[in-house]
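Residues per chain are reported as follows:
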Amino acid sequence: MKNTNLTVSTNRHVKISILVALLFLSLSLLISCNNEEVGIETFESNAISTSEMELASSYFGKASASDCNFEYGDDPQGPEFWSTLCNGAWVDCAGNVQSPINIITDSVIEDGDINNININYTESKTDIFNNGHTLQFTYDQGSSASLNNIDYDLIQFHFHTGSEHTINGKQYPMEMHLVHQDPITKLLGVVGIFFEEGKKNEVLSKYLSVLPKEEGGQYVSRSKFKVEDLLPGNMEFYTYDGSLTTPGCSEIVTWYVVKESITASAEQLSRFESIMHKNYRPVQDLNGRTVRTKS
Ligand SMILES: [Zn+2]
(Lines give C-alpha, C1' and ligand atoms only; values in the text may rest on other atoms or scores of the structure.)
Protein backbone atom coordinates (compact mmCIF):
# COMPACT_ATOMS: atom_id res chain seq x y z
CA MET A 1 0.00 0.00 0.00
CA LYS A 2 2.73 2.40 1.05
CA ASN A 3 4.69 1.55 -2.05
CA THR A 4 1.78 2.39 -4.35
CA ASN A 5 1.26 5.73 -2.70
CA LEU A 6 4.90 6.47 -3.12
CA THR A 7 4.80 5.58 -6.82
CA VAL A 8 1.72 7.75 -7.39
CA SER A 9 3.21 10.72 -5.63
CA THR A 10 6.55 10.20 -7.39
CA ASN A 11 4.74 10.13 -10.73
CA ARG A 12 2.94 13.34 -9.85
CA HIS A 13 6.26 14.91 -8.84
CA VAL A 14 7.81 13.94 -12.15
CA LYS A 15 4.86 15.40 -14.05
CA ILE A 16 5.00 18.66 -12.12
CA SER A 17 8.76 18.85 -12.60
CA ILE A 18 8.37 18.39 -16.36
CA LEU A 19 5.68 21.07 -16.47
CA VAL A 20 7.82 23.52 -14.51
CA ALA A 21 10.82 22.75 -16.71
CA LEU A 22 8.76 23.35 -19.85
CA LEU A 23 7.46 26.61 -18.45
CA PHE A 24 11.01 27.80 -17.66
CA LEU A 25 12.19 26.72 -21.10
CA SER A 26 9.49 28.68 -22.91
CA LEU A 27 10.03 31.67 -20.63
CA SER A 28 13.77 31.74 -21.23
CA LEU A 29 13.21 31.30 -24.97
CA LEU A 30 10.87 34.27 -24.86
CA ILE A 31 13.39 36.36 -22.95
CA SER A 32 16.29 35.47 -25.23
CA CYS A 33 14.18 36.26 -28.31
CA ASN A 34 13.34 39.64 -26.83
CA ASN A 35 17.01 40.30 -26.18
CA GLU A 36 17.80 39.63 -29.82
CA GLU A 37 15.25 42.13 -31.02
CA VAL A 38 15.85 45.03 -28.71
CA GLY A 39 19.26 46.47 -29.21
CA ILE A 40 21.67 48.55 -27.24
CA GLU A 41 18.93 50.91 -25.98
CA THR A 42 17.74 48.39 -23.39
CA PHE A 43 21.05 48.75 -21.55
CA GLU A 44 20.00 52.22 -20.43
CA SER A 45 16.91 50.90 -18.66
CA ASN A 46 18.67 48.13 -16.80
CA ALA A 47 16.29 47.62 -13.88
CA ILE A 48 18.53 45.33 -11.83
CA SER A 49 19.65 46.92 -8.56
CA THR A 50 23.42 47.00 -8.49
CA SER A 51 24.67 49.79 -6.24
CA GLU A 52 25.84 48.77 -2.78
CA MET A 53 23.06 50.81 -1.25
CA GLU A 54 20.43 49.04 -3.37
CA LEU A 55 21.94 45.67 -2.57
CA ALA A 56 21.80 46.49 1.14
CA SER A 57 18.18 47.54 0.73
CA SER A 58 17.39 44.19 -0.85
CA TYR A 59 18.89 42.54 2.24
CA PHE A 60 16.72 44.57 4.57
CA GLY A 61 13.68 44.14 2.34
CA LYS A 62 13.36 47.92 2.05
CA ALA A 63 12.89 50.08 -0.99
CA SER A 64 16.00 51.75 -2.36
CA ALA A 65 17.58 54.23 0.06
CA SER A 66 16.76 57.91 -0.27
CA ASP A 67 19.00 60.23 -2.22
CA CYS A 68 20.84 61.85 0.68
CA ASN A 69 24.27 63.10 -0.32
CA PHE A 70 27.68 62.26 1.11
CA GLU A 71 31.20 63.37 0.31
CA TYR A 72 34.76 62.32 1.02
CA GLY A 73 37.65 64.06 2.72
CA ASP A 74 37.46 67.08 4.96
CA ASP A 75 33.89 68.11 4.15
CA PRO A 76 30.74 68.83 6.21
CA GLN A 77 29.32 65.72 4.51
CA GLY A 78 32.59 63.78 4.82
CA PRO A 79 33.10 60.35 6.44
CA GLU A 80 33.39 61.81 9.94
CA PHE A 81 29.77 62.99 9.72
CA TRP A 82 28.13 60.23 7.68
CA SER A 83 26.37 58.71 10.71
CA THR A 84 24.65 62.01 11.47
CA LEU A 85 23.43 62.69 7.91
CA CYS A 86 20.23 61.62 6.18
CA ASN A 87 17.91 61.96 9.19
CA GLY A 88 19.47 59.05 11.07
CA ALA A 89 19.20 56.62 8.14
CA TRP A 90 22.99 56.25 8.14
CA VAL A 91 23.49 55.67 11.86
CA ASP A 92 25.18 52.33 11.10
CA CYS A 93 28.23 54.30 9.93
CA ALA A 94 29.01 54.73 13.66
CA GLY A 95 28.70 50.96 14.28
CA ASN A 96 31.27 48.57 15.73
CA VAL A 97 31.74 46.32 12.68
CA GLN A 98 32.76 48.89 10.08
CA SER A 99 34.99 48.83 7.00
CA PRO A 100 37.60 49.46 5.74
CA ILE A 101 40.28 48.48 8.27
CA ASN A 102 44.03 48.49 8.54
CA ILE A 103 45.22 44.88 8.39
CA ILE A 104 48.17 44.23 10.68
CA THR A 105 49.72 41.12 9.18
CA ASP A 106 51.36 40.03 12.46
CA SER A 107 47.92 39.85 14.10
CA VAL A 108 46.24 37.83 11.32
CA ILE A 109 45.06 34.43 12.51
CA GLU A 110 45.88 31.40 10.35
CA ASP A 111 42.85 29.18 9.97
CA GLY A 112 42.95 25.70 8.44
CA ASP A 113 39.22 25.75 7.73
CA ILE A 114 39.42 28.64 5.28
CA ASN A 115 39.00 27.66 1.65
CA ASN A 116 40.31 29.18 -1.56
CA ILE A 117 38.30 31.58 -3.70
CA ASN A 118 36.70 29.51 -6.43
CA ILE A 119 35.80 31.64 -9.40
CA ASN A 120 33.26 30.89 -12.10
CA TYR A 121 33.12 34.19 -13.97
CA THR A 122 31.79 34.35 -17.52
CA GLU A 123 32.10 37.20 -20.01
CA SER A 124 30.04 40.36 -19.66
CA LYS A 125 29.10 43.19 -21.92
CA THR A 126 30.56 46.56 -20.96
CA ASP A 127 28.40 48.83 -18.78
CA ILE A 128 30.27 51.59 -16.94
CA PHE A 129 28.33 53.99 -14.73
CA ASN A 130 29.52 57.12 -12.93
CA ASN A 131 27.28 57.31 -9.83
CA GLY A 132 28.99 60.44 -8.51
CA HIS A 133 31.05 58.49 -6.00
CA THR A 134 32.75 55.81 -8.08
CA LEU A 135 33.07 54.27 -11.54
CA GLN A 136 31.01 51.10 -11.48
CA PHE A 137 31.15 48.25 -14.01
CA THR A 138 27.83 46.40 -13.80
CA TYR A 139 28.40 42.75 -14.63
CA ASP A 140 26.04 40.53 -16.64
CA GLN A 141 24.13 37.96 -14.61
CA GLY A 142 25.49 34.43 -14.55
CA SER A 143 28.91 34.85 -12.94
CA SER A 144 29.51 33.36 -9.54
CA ALA A 145 32.23 32.73 -7.01
CA SER A 146 32.58 30.46 -4.04
CA LEU A 147 34.17 32.52 -1.29
CA ASN A 148 35.21 30.43 1.69
CA ASN A 149 32.51 27.87 0.78
CA ILE A 150 29.68 30.39 0.34
CA ASP A 151 28.26 30.70 -3.18
CA TYR A 152 27.79 34.27 -4.37
CA ASP A 153 26.68 35.96 -7.61
CA LEU A 154 28.97 38.66 -9.02
CA ILE A 155 26.93 41.87 -9.39
CA GLN A 156 29.38 44.69 -10.12
CA PHE A 157 32.86 45.98 -9.49
CA HIS A 158 34.07 49.52 -8.84
CA PHE A 159 37.13 51.52 -7.79
CA HIS A 160 38.45 53.68 -4.97
CA THR A 161 41.43 56.09 -5.18
CA GLY A 162 43.46 55.58 -2.94
CA SER A 163 42.85 52.20 -1.42
CA GLU A 164 40.35 51.86 1.44
CA HIS A 165 41.99 48.91 3.20
CA THR A 166 45.58 49.38 4.25
CA ILE A 167 48.20 46.74 5.05
CA ASN A 168 50.40 47.52 8.05
CA GLY A 169 49.47 51.16 7.51
CA LYS A 170 50.36 51.19 3.82
CA GLN A 171 47.78 52.72 1.50
CA TYR A 172 47.83 51.66 -2.16
CA PRO A 173 46.99 54.14 -4.95
CA MET A 174 43.77 52.31 -5.91
CA GLU A 175 41.52 49.44 -4.78
CA MET A 176 38.96 47.51 -6.80
CA HIS A 177 35.88 46.01 -5.11
CA LEU A 178 34.16 43.02 -6.68
CA VAL A 179 30.70 43.02 -5.10
CA HIS A 180 29.01 39.62 -4.79
CA GLN A 181 25.64 38.80 -3.27
CA ASP A 182 24.46 35.54 -1.74
CA PRO A 183 21.23 34.95 -3.70
CA ILE A 184 19.59 33.32 -0.67
CA THR A 185 20.59 35.41 2.36
CA LYS A 186 21.21 38.61 0.31
CA LEU A 187 24.39 39.14 2.36
CA LEU A 188 27.38 40.52 0.46
CA GLY A 189 30.86 39.12 -0.15
CA VAL A 190 33.25 41.76 -1.43
CA VAL A 191 36.67 40.92 -2.88
CA GLY A 192 39.17 43.78 -2.57
CA ILE A 193 42.14 43.98 -4.98
CA PHE A 194 44.95 46.49 -4.57
CA PHE A 195 46.56 48.39 -7.45
CA GLU A 196 50.18 49.37 -7.32
CA GLU A 197 51.80 51.85 -9.70
CA GLY A 198 53.79 50.01 -12.34
CA LYS A 199 53.21 48.31 -15.66
CA LYS A 200 50.26 49.51 -17.74
CA ASN A 201 47.11 47.49 -17.07
CA GLU A 202 46.03 45.93 -20.38
CA VAL A 203 42.38 45.42 -19.37
CA LEU A 204 41.88 48.95 -18.06
CA SER A 205 43.61 50.47 -21.08
CA LYS A 206 40.61 49.44 -23.21
CA TYR A 207 38.29 51.63 -21.15
CA LEU A 208 40.37 54.66 -20.21
CA SER A 209 39.10 56.79 -23.08
CA VAL A 210 35.41 55.92 -22.50
CA LEU A 211 35.13 56.27 -18.71
CA PRO A 212 32.09 58.53 -18.09
CA LYS A 213 33.43 61.77 -16.60
CA GLU A 214 30.19 63.31 -15.35
CA GLU A 215 27.94 62.09 -12.52
CA GLY A 216 25.10 60.04 -14.04
CA GLY A 217 27.17 59.33 -17.16
CA GLN A 218 27.11 55.84 -18.60
CA TYR A 219 29.03 53.98 -21.27
CA VAL A 220 27.54 50.80 -22.70
CA SER A 221 28.86 48.53 -25.38
CA ARG A 222 28.21 45.02 -26.63
CA SER A 223 31.94 44.37 -26.56
CA LYS A 224 32.59 41.59 -24.07
CA PHE A 225 35.30 41.29 -21.46
CA LYS A 226 36.14 38.97 -18.57
CA VAL A 227 36.90 40.51 -15.19
CA GLU A 228 39.02 37.46 -14.44
CA ASP A 229 41.66 38.98 -16.73
CA LEU A 230 42.04 41.76 -14.14
CA LEU A 231 42.76 39.44 -11.22
CA PRO A 232 46.21 38.63 -9.81
CA GLY A 233 47.59 35.12 -10.31
CA ASN A 234 47.44 34.33 -6.60
CA MET A 235 44.08 35.00 -4.94
CA GLU A 236 45.09 34.27 -1.32
CA PHE A 237 43.19 36.64 0.92
CA TYR A 238 42.58 38.09 4.36
CA THR A 239 38.99 37.77 5.51
CA TYR A 240 36.96 39.55 8.20
CA ASP A 241 33.40 40.67 8.96
CA GLY A 242 32.63 44.28 8.10
CA SER A 243 30.37 46.71 6.33
CA LEU A 244 29.74 48.68 3.19
CA THR A 245 32.30 51.49 2.96
CA THR A 246 29.66 53.96 1.75
CA PRO A 247 26.52 55.11 3.59
CA GLY A 248 24.39 53.47 4.97
CA CYS A 249 27.48 51.43 6.02
CA SER A 250 25.31 48.31 6.52
CA GLU A 251 27.15 45.59 8.44
CA ILE A 252 26.31 42.83 5.97
CA VAL A 253 29.67 42.28 4.25
CA THR A 254 32.22 39.50 4.53
CA TRP A 255 35.44 40.95 3.16
CA TYR A 256 38.07 39.05 1.17
CA VAL A 257 41.09 41.32 0.77
CA VAL A 258 43.50 39.76 -1.73
CA LYS A 259 47.17 39.83 -0.72
CA GLU A 260 48.76 40.04 -4.19
CA SER A 261 48.33 43.39 -5.90
CA ILE A 262 48.00 44.19 -9.61
CA THR A 263 49.50 47.13 -11.47
CA ALA A 264 48.34 50.14 -13.46
CA SER A 265 50.49 52.88 -14.95
CA ALA A 266 50.77 56.30 -13.29
CA GLU A 267 48.78 57.73 -16.20
CA GLN A 268 45.98 55.16 -15.77
CA LEU A 269 45.78 55.74 -12.02
CA SER A 270 45.61 59.51 -12.41
CA ARG A 271 42.88 59.11 -15.03
CA PHE A 272 40.71 57.28 -12.50
CA GLU A 273 41.54 59.80 -9.79
CA SER A 274 40.77 62.76 -12.03
CA ILE A 275 37.21 61.42 -12.44
CA MET A 276 36.50 59.90 -8.99
CA HIS A 277 38.79 62.20 -6.94
CA LYS A 278 39.85 60.81 -3.54
CA ASN A 279 36.92 58.48 -2.83
CA TYR A 280 38.19 56.36 0.02
CA ARG A 281 36.77 56.07 3.52
CA PRO A 282 39.45 56.18 6.25
CA VAL A 283 40.13 52.95 8.17
CA GLN A 284 37.79 52.07 11.04
CA ASP A 285 38.43 50.58 14.48
CA LEU A 286 38.66 46.78 14.67
CA ASN A 287 36.73 46.70 17.96
CA GLY A 288 38.00 43.23 18.82
CA ARG A 289 37.40 41.66 15.42
CA THR A 290 39.88 39.17 14.05
CA VAL A 291 41.29 38.98 10.54
CA ARG A 292 41.92 35.48 9.29
CA THR A 293 43.81 33.85 6.45
CA LYS A 294 44.22 30.30 5.18
CA SER A 295 47.00 28.45 7.00
ZN1 LIG B 1 33.84 49.95 -2.69
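It should be emphasised that the depicted structure is a prediction, and the values quoted were computed from it without experimental measurement. (Residues numbered from 1 in each chain as written. Predicted model: local features only at pLDDT ≥ 70, side-chain atom pairs only at ≥ 80, totals over all residues.)

Draft legend 1. Just the overall build of the protein, in detail. Looking only at helices and strands, the protein features four helices and 16 strands. For the protein, with 295 residues in total, the buried portion stands at 32%. Sequence separation of 24 or more characterises 69% of the internal contacts of the protein that already satisfy a separation of 6 or more. (Helix = DSSP H or I, 4+ residues; strand = E, 2+ residues; numbered from the N terminus. Buried ≥ 20, exposed ≤ 12 C-beta atoms within 10 Å, placed from the backbone. Contact = placed C-beta atoms within 7 Å.)

Draft legend 2. Representation of the nonpolar core. L178 and F195 are the most contacted members of the largest nonpolar core, which totals 51 residues. At six residues, strand β11 (residues 188–197) tops the list of elements feeding residues into this core. In this structure F195 touches Y172, P173, M174, E175, M176, S261, I262, T263, A264 and L269, once residues within four positions along its chain are discounted. (Core = buried A, V, L, I, M, F, W, Y, C linked by C-beta atoms within 7 Å.)

Draft legend 3. Molecular detail of the sheet that holds strand β8 (residues 166–167). Reading across from one edge, β1-β8-β9 is the order of the three strands in this open sheet, with mixed pairing throughout. The two strands at the open ends of the sheet, each matched to only one other strand, are β1 (102–103) and β9 (170–171). The sheet contact formed by β1 and β8 spans two bridges and is parallel. Across the sheet, residue N102 finds its bridge partner in β8, namely T166. (Pairing = 2+ DSSP bridges.)

Draft legend 4. Broad picture of the environment of N102. By the element assignment, N102 lies in strand β1. With 17 C-beta atoms counted inside 10 Å, the residue N102 sits in the partly exposed group. Separated by 65 residues in the primary sequence, N102 and I167 place their C-alpha atoms 5.7 Å from one another.

Draft legend 5. Examining helix α2 (residues 52–60) more closely. Here α2 has its buried residues at E52, M53, L55 and A56. Here the buried residues of α2 occupy an arc of 160 degrees about the axis, which is enough to place them on one side. Tucked inside the fold, the buried residues of α2 contact β7 (150–160), β10 (174–181) and β11. Positive phi shows up at G61, right after α2, with a value of about 70 degrees. (Arc of directions from axis to C-beta.)

Draft legend 6. Focus on the environment of E197. Examined against the element boundaries, E197 turns out to sit in strand β11. With 15 C-beta atoms packed within 10 Å, E197 lands in the partly exposed category. For the pair E197 and S261, spaced 64 residues apart in the sequence, the C-alpha separation amounts to 9.9 Å. Contacts of E197, omitting those with residues within four sequence positions, involve P173, A266 and L269.

Draft legend 7. Local environment of helix α4 (residues 266–276). Within the sequence span of α4, burial applies to Q268, L269, F272 and M276. The buried residues of α4 all sit within an arc of 100 degrees when viewed along its axis, so they share a single face. Facing away from the buried side of α4 by more than 90 degrees, the exposed set consists of A266, E267 and S274. After α4 finishes, the residue H277 shows a positive phi value of roughly 60 degrees.

Draft legend 8. Molecular detail of unusual backbone geometry. Cis geometry is adopted by the peptide bond preceding P100, which originates at S99 and carries an omega value of 5 degrees. Within the fold, P100 resides in the loop between α2 and β1. Residues T161 and G162 are joined by a peptide bond in cis, for which omega reads -15 degrees. When you line up the elements, G162 lands in the loop between β7 and β8. A positive phi angle, close to 50 degrees, is found at N148, a residue other than glycine. For C249, which is not a glycine, the phi torsion comes out positive at approximately 55 degrees. Here C249 lies in the loop between β13 (237–242) and β14 (253–258). For C249, a count of 27 C-beta atoms within 10 Å corresponds to the buried category.

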